[in-house]
Amino acid sequence: MANCINYKEVLNASQLEAVMTQEGPLLVIAGAGSGKTRTLVYRVARLVETGVPPESILLLTFTRKAAAEMLERAASLADERCRFVSGGTFHSLAHKVLRGAAHFLGFDNNFTILDRSDMEEVIQSLVQDMTIGRGAIRFPKRSTLTNIVSKAANLECGIETLMGEEYGQFLEYAPQIKKLQGLYAEYKRDNQLMDYDDLIVFLRELLSTHEQTRMVLSDQYRFVMVDEYQDTNKIQADIIKWLSRDHHNIMAVGDDAQSIYSFRGANYRNMFEFPMLFPEAKLIKLEQNYRSTQPILNLTNALMGQAQEKYTKCLFTERKDGEIPRVVDTGTEPEQAFFVSTKIKEEMSRGRSIRDFAVLFRAGYHSFELEVELARQGIPFVKYGGFKFMEAAHIKDVLAYLRVIVNRDDGVSWGRILRMLKNIGPGKSQAIIAWMKESACSASEIAAWPGAGKAGEGLKGLASLLGALSARDFAPTAVVEQVVKYYKPILQEKFDDFPRREKDLEQLVLMAERYRKISTFLDDLLLEPPNSAAEMGVVHKGDCLTLSTVHSAKGLEWPVVFVIWVMEGYFPPARANAHEEAIEEERRLMYVAATRAKDRLILCYPGRETGRSWFSSEARGLSSFIQALPHGVVEHASSRGRGVRASVWERVMPLGKRESRFIATTEKPEGLKKGDRVRHPAFGQGVVAKLVGEEKVEVLFKNAGRKLLHLGYTILEKV
DNA sequence: CATCACGCTGTTTTT
DNA sequence: CAGCGTGATG
């Protein structure tokens, strides 16, 4: 039975107003820690309480987990029926709709979803088919290409525009990349594939061109709520517009100061445009903070005070007292790791629980050094962000088998499976896939491929596995179990950290238990991928210190937060104009990090160069936005000179100064043109990059580094 | 055509 | 460290 809630008792005035406003468009500007989730939870409860059927409420959040937690809370404090509210991400909504309506767009409803690495693989293979790489110097690598294509899709801008603004260093290849984009789209259509970007693009297309679908959705979801609105992009804003065009019952909640997803097209200006989209929109600001002490809020307020464009708000709290945030120059990165771990140990010996701490950073690898030091000092930790469980090679390997069982046409997965066999590489795997398509043979008949030769044994084994699996309708667990059994010898060959990876596979078997169909299992893994084995809820987390990227720490809080920061530093010359924009984003990132802290905040930065390579602080010193803070907001300190030790990598592999590029100027042999491939007796093959005057050419050798500097030049021959 | 050993390089953040 | 290209070897 429903509990009776006294809203006035549990909500402040602004929150109450948001909860009680049920009809019409509503924009809630919710500062960090201002009870945003609470407000959403109570609003769901209130809607249900006043008789709105739960199924007609749609709660769009940033992760499905966030939605599930909110609905759980609403159910437990108000009405059990809150569990029937539809909640999820834009992507999961799109997926659900498209599984039943993709045919209106000329797709098969059984389309396969491409994850990031599949996308990279397809793009890579297209690049090879195009033979773009031929004669091209410094053609972007596949992950960069994928970033470009994906971002262009999310921003809905042309390749040239995007590249002009953000990838100046590759601008000369814009025509090829544009062609690549076209080929990629074509490939996806031919093979019934959709990537993450397609899901939302196609949902919008469906809504705008297919009146029937729009009507069905708009009728079903009479009340729409969007959380983290600052992280939506233009396409998602359009989806919102279409969904609520008829009823205008749309509530968007967000904080422009916390927009940290511009790299995937998110545009916090959506928040400023909401009132234009819905002119009668009511605007509510939540400014009282229930998380941090006032000194911490002074810092975050000052940070956002520097921003160019914002909804001005000033966070305040009743917790007036507290320690002033500290900014600590820790010297080098190894010293920083030592400082943080020692400090935490110290606090723990005074009775603090290890769960009270978190260390936040911008990129996964920024904590490498710290992880080693923590292990050395015997401090247990869990890490969020960085590499994904799903992206681990061994997981992808196993899933590839499942995918071909579900969708026999999935060429990407076939390639992966085949290349795991002895004596089968890129060439043969492609040939086999082509042959399979041509002869329309079943999975268990691949052993009949005429060109097998030495690979015959392996093919037979694979065929019998797939034959056995498709012969009967096994439960997902059983299928995964058999695949893992087949795969284990391969795993052993392929990786030397065999035991760790083997454990992951056992987790995968356990996860499959929750599903009745393999296809749903796969869809779920792609749309709500677990971060790690620990996050899958299978491994007990125990008492651990939390390490996390700022992005993965959104919405969470800890009593004591350390932020380890590398200054806004790395911008290739061709991107120098991106500097301003990047600093704006870094500032918001720091804002999100700082607002995670309840009681104490310690910002650490390495003030001294460590002389190491890529994962060290290339840029050192203090970020400009910290320097610009007014006096008294932070307290500066130094921990230099304590616990100096060589970095892990210096111990493992000493690094000298390295030369980065090596273009040799040399005498020009007869008839040599730009783009010609040439051979150098000492350095192997290179490409003529440039003609210098009449007699000389510049030749670029890849990977010939230091040798070139020492040996001097000789005559080149054309290849 | 597959595989191996070697050398060189390096923005990141996620649905 | 991981990813990638290269050139030598089956």
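A quick note: this is a predicted structure, and the numbers were derived from the prediction, not measured.

What counts as what
Residues numbered from 1 in each chain as written. Chains lettered and ligands numbered in written order. Predicted model: local features only at pLDDT ≥ 70, side-chain atom pairs only at ≥ 80, totals over all residues. Heavy atoms only, no water. Buried < 20%, exposed > 50% of the residue type's maximum accessible area, 1.4 Å probe, protein only. Helix = DSSP H or I, 4+ residues; strand = E, 2+ residues; numbered from the N terminus. Pairing = 2+ DSSP bridges. Right-handed = clockwise from strand over helix to strand, strands pointing away. Phe/Tyr/Trp six-rings, centres within 6.5 Å; stacked < 30°, edge-to-face > 60°. Salt bridge = Lys/Arg side-chain N within 4 Å of Asp/Glu carboxyl O. Core = buried A, V, L, I, M, F, W, Y, C linked by side-chain atoms within 4.5 Å. Contact = heavy atoms within 4.5 Å. Expected span 1.5 Å × (residues − 1). Axes fitted to C-alpha atoms, helices over the stretch in contact; angles between N-to-C directions. Parallel < 35°, antiparallel > 145°, perpendicular 65-115°, else oblique. Nonpolar A, V, L, I, M, F, W, Y, C, P; charged D, E, K, R; others polar. 1 Å grid on protein atoms, 1.4 Å probe; cavity = no way out; pocket = protein on both sides within 12 Å on 5 of 7 lines; lining within 4 Å. Points joined across faces, edges and corners; volume = space filled by probe spheres on them. pLDDT = per-residue confidence, 0-100. Polar contact = N/O pair within 3.5 Å; in protein donor to acceptor, adjacent residues only side chain to side chain. Arc of directions from axis to C-beta.

**Some words on the pairing of strand β7 (residues 250–254)**
Right, so step 1: Most of β7 is tucked away: five of the five residues are buried.
Right, so step 2: Taking every second residue as pointing to the same face, both faces of β7 are buried, with I250, A252 and G254 on one and M251 and V253 on the other.
Right, so step 3: The pairing of strand β1 (residues 26–30) with β7 spans four bridges and is classified as parallel. Bridge pairing in β7 links I29 to G254.
Right, so step 4: As judged from the three bridges shared by strand β6 (residues 223–226) and β7, these two strands associate in the parallel manner. By the bridge assignment for β7, V224 is matched with I250.
Right, so step 5: After leaving β6, the chain enters helix α12 (residues 234–243) and then returns to the sheet as β7, a path that is right-handed.

**As for the packing of aromatic side chains**
Right, so step 1: Summed over all chains, the structure comprises nine aromatic pairs.
Right, so step 2: Ring centres of Y268 and F272 lie 6.1 Å apart, and the angle between their planes is 80°; this geometry places the pair in the edge-to-face category.
Right, so step 3: Each residue in the set F62, Y261 and F263 is aromatic and connected to the rest through ring pairs, giving one cluster.

**With respect to the pattern of salt bridges**
Right, so step 1: Evaluated as defined, the whole model comprises 42 salt bridges.
Right, so step 2: D219 is the salt-bridge partner of R222, the closest N and O atoms lying 3.5 Å from each other.
Right, so step 3: Here D219 falls in the partly exposed class, since its relative accessible area comes to 46%.
Right, so step 4: Here E346 ties to K343 by a salt bridge, and the two come within 3.9 Å at their closest N and O atoms. Note that E346 and K343 are positioned in helix α15 (residues 333–349) at a spacing of three residues, about one turn of the helix.
Right, so step 5: On the basis of relative accessibility, which here comes to 19%, the residue K343 falls in the buried class.
Right, so step 6: Bridged by salt links that share partners, the residues E323, K343, E346, E347, R350 and R600 form one connected network.

**Thoughts on the nonpolar core**
Right, so step 1: Counting 92 residues, the largest nonpolar core has Y401, L402, W414, L418, L459, L462 and Y487 as the members making the most contacts within it.
Right, so step 2: When neighbours within four sequence positions are excluded, L462 is seen to be in contact with Y401, W414, I417, L418, L421, I446 and Y486.
Right, so step 3: With 39 residues, the next largest nonpolar core counts Y261, A266, L360 and M590 among its residues.

**Quick look at helix α17 (residues 393–406)**
The α-helix winds at 3.6 residues per turn, so residues separated by three or four positions along the chain end up facing the same way.
Right, so step 1: The terminal C-alpha atoms of α17, which comprises 14 residues, lie 20 Å apart, in line with the 20 Å expected from a rise of 1.5 Å per residue.
Right, so step 2: A large share of α17 lies buried, amounting to 11 of its 14 residues.
Right, so step 3: Considered for burial, the residues of α17 that qualify are H394, I395, K396, D397, V398, L399, A400, Y401, L402, R403 and V404.

**What to know about the packing of helix α6 (residues 116–130) against helix α18 (residues 411–419)**
Right, so step 1: One can describe the packing of α6 onto α18 by two numbers: an axis separation of 10 Å at closest approach and a directional angle of 85°. The angle between the axes of α6 and α18 places the two elements in the roughly perpendicular class. Residues D118, E121 and V122 of α6 lie in contact with α18, whose contacting residues are V412, R416 and R419.
Right, so step 2: Of the residues contributing to the contact of α6 with α18, the split by class is two nonpolar, no polar and four charged.

**As for the sheet that holds strand β12 (residues 545–549)**
Right, so step 1: The parallel open sheet is built from seven strands, whose spatial order is β11-β12-β10-β13-β14-β9-β15. Because the sheet does not close on itself, it has two edges, and the strands there are β11 (381–384) and β15 (635–638). Neighbour-to-neighbour, the strand axes of the sheet open up by a mean angle of 20°, direction not taken into account.
Right, so step 2: Two elements, strand β10 (residues 357–361) and β12, share four bridges in a ladder whose sense is parallel. Residue pairing in the sheet places F361 in a bridge with T549 of β12.
Right, so step 3: Its contacts with the sheet put α15 on β9 (326–329), β10, β12, β13 (558–564) and β14 (597–605), and the angle it makes with β14 is roughly 155°.

**Points about the sheet that holds strand β8 (residues 282–286)**
Right, so step 1: Strands sit in the order β3-β2-β6-β7-β1-β8 across an open sheet of six strands; the sheet is parallel. Of all the strands in the sheet, just β3 (86–88) and β8 have a single pairing partner and so form its edges. Strand-to-strand twist across the sheet, computed as the mean angle between neighbouring axes with direction ignored, equals 10°.
Right, so step 2: Strands β2 (57–60) and β3 of the sheet are contacted by helix α4 (residues 64–77), whose axis makes an angle of about 140° with β3.
Right, so step 3: Contacts from helix α13 (residues 269–277) reach β1 and β7, with the element oriented near 155° to β1.

**A short note on empty space enclosed by the protein**
Right, so step 1: Applying the stated criterion across every chain yields a total of nine cavities of 30 Å³ or more.
Right, so step 2: One number sums up the size of the second largest cavity: a volume of about 60 Å³.
Right, so step 3: Every residue lining the second largest cavity is listed: D115, M390, K396, L399, R403, L522, L525 and L526.
Right, so step 4: Looking at the lining of the second largest cavity, the elements with two or more residues in it are α17 and α23 (518–527).
Right, so step 5: Residues of the lining of the second largest cavity, tallied by class, amount to five nonpolar, no polar and three charged.

**Regarding the confidence of the model for chain A**
Right, so step 1: With 82% of its residues at a pLDDT of 70 or more, chain A has an overall mean of 81.
Right, so step 2: The element-level mean pLDDT for chain A is lowest in helix α26 (residues 648–652), coming to 35, with β6 highest at 96.
Right, so step 3: Contacts for the low-pLDDT stretch residues 536–540, under 50 throughout, to residues beyond four places or in other chains number 11 contacts.

**Side note on the side chain of S244**
Right, so step 1: Locating S244 in the fold gives a position in the loop between α12 and β7.
Right, so step 2: The class of S244 is buried, set by a relative accessible area of 0%.
Right, so step 3: Within the local environment of S244, its side chain forms a polar contact with the backbone oxygen of I240, the two atoms lying 2.8 Å apart.

**Considering helix α2 (residues 13–20)**
Right, so step 1: Of all the residues in α2, the buried ones are Q15, L16, A18 and V19. Along the long axis of α2, the arc covered by the buried residues comes to 160°, so they all point the same way.
Right, so step 2: Those residues of α2 that are buried lie in contact with α1 (7–10), β1, α3 (36–49), β7 and β8.
Right, so step 3: In this structure N12 caps α2, since a side-chain oxygen of it lies 3.1 Å from the backbone nitrogen of S14.

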